Amino acid sequence: MFRQRPDSDLLVEGWVVGVMVEIAGERLPIRHYFAVGRPDRAQAEWAAVDLAMQTGPVASSPSGGREPVEALRELVAYRMRELGLKVGESRALGDKFPRRWLPS
């Protein structure tokens, strides 16, 4: 019989990533948020950049003290199940602060 690790629900399996995107007509880049189901932080950031490039060019330098690409918070296994994000999946969350994904 298969036995699950007791702490497997607390393993990091994804990230919420903020990417600054330059939008035509806007004075400053706007941060867009992405949920990425990859446990490796660097891979999650690159997957978010790939999605962000569909919206517009990614900012090349920090703006207002914020990095252009920043992993904001890790997502553990049980939280990903609650929100319906699968491992390997990437999802655009929009430009509004994702309160549901980033509880305080």
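Refer to the preceding data block for the structure.
Residues numbered from 1 in each chain as written. Predicted model: local features only at pLDDT ≥ 70, side-chain atom pairs only at ≥ 80, totals over all residues. Heavy atoms only, no water.

This part covers the overall build of the chain. Across its full length, the chain carries two helices and four strands. For the chain, the succession of helices and strands along the chain, N to C, is β-β-α-β-α-β. C-alpha atoms of the chain, sized along the principal axes, occupy 60 × 25 × 20 Å. Taking all 104 residues of the chain together, the buried fraction comes to 37%. Carbon and sulfur atoms form 51% of the exposed surface of the chain, whose accessible area is close to 6800 Å². Taking the 15 positively charged and 14 negatively charged side chains of the chain as two groups, their mean positions are separated by 6 Å. (Helix = DSSP H or I, 4+ residues; strand = E, 2+ residues; numbered from the N terminus. Buried < 20%, exposed > 50% of the residue type's maximum accessible area, 1.4 Å probe, protein only. Areas by Shrake-Rupley, 256 points an atom, 1.4 Å probe, with all protein chains shown as cover. Lys, Arg positive; Asp, Glu negative; His and termini not counted. Charge placed at Lys NZ, Arg CZ, Asp CG, Glu CD.)

Turning our eyes to something else, we now look at the side chain of Ser63. Secondary-structure assignment places Ser63 in the loop between helix H1 (41–52) and strand E3 (69–76). Excluding residues within four positions of it along the chain, Ser63 makes contact with Met20, Leu28 and Pro29. (Contact = heavy atoms within 4.5 Å.)

Before going further, it helps to examine the nonpolar core. Core analysis: the biggest nonpolar cluster contains 11 residues, these being Trp15, Val17, Val19, Val21, Phe34, Val36, Ala44, Ala47, Ala48, Ala52 and Ala71. Counting only elements with at least two residues in this core, the list comes to strand E1 (12–21), strand E2 (30–36) and H1. When near neighbours in sequence (up to four residues on either side) are disregarded, Ala44 contacts Trp15, Val17, Val36 and Arg38. Counting residues in hydrophobic clusters, the runner-up holds eight residues, among them Ala35, Leu83, Leu85 and Leu102. (Core = buried A, V, L, I, M, F, W, Y, C linked by side-chain atoms within 4.5 Å.)

Here we come to H1. Between its first and last C-alpha, H1 extends 16 Å over 12 residues, near the 16 Å set by a 1.5 Å rise per residue. Buried within H1 we find Ala44, Glu45, Ala47, Ala48, Val49 and Ala52. Check the buried side of H1 and you find it contacts E1, E2, E3 and strand E4 (90–94). (Expected span 1.5 Å × (residues − 1).)

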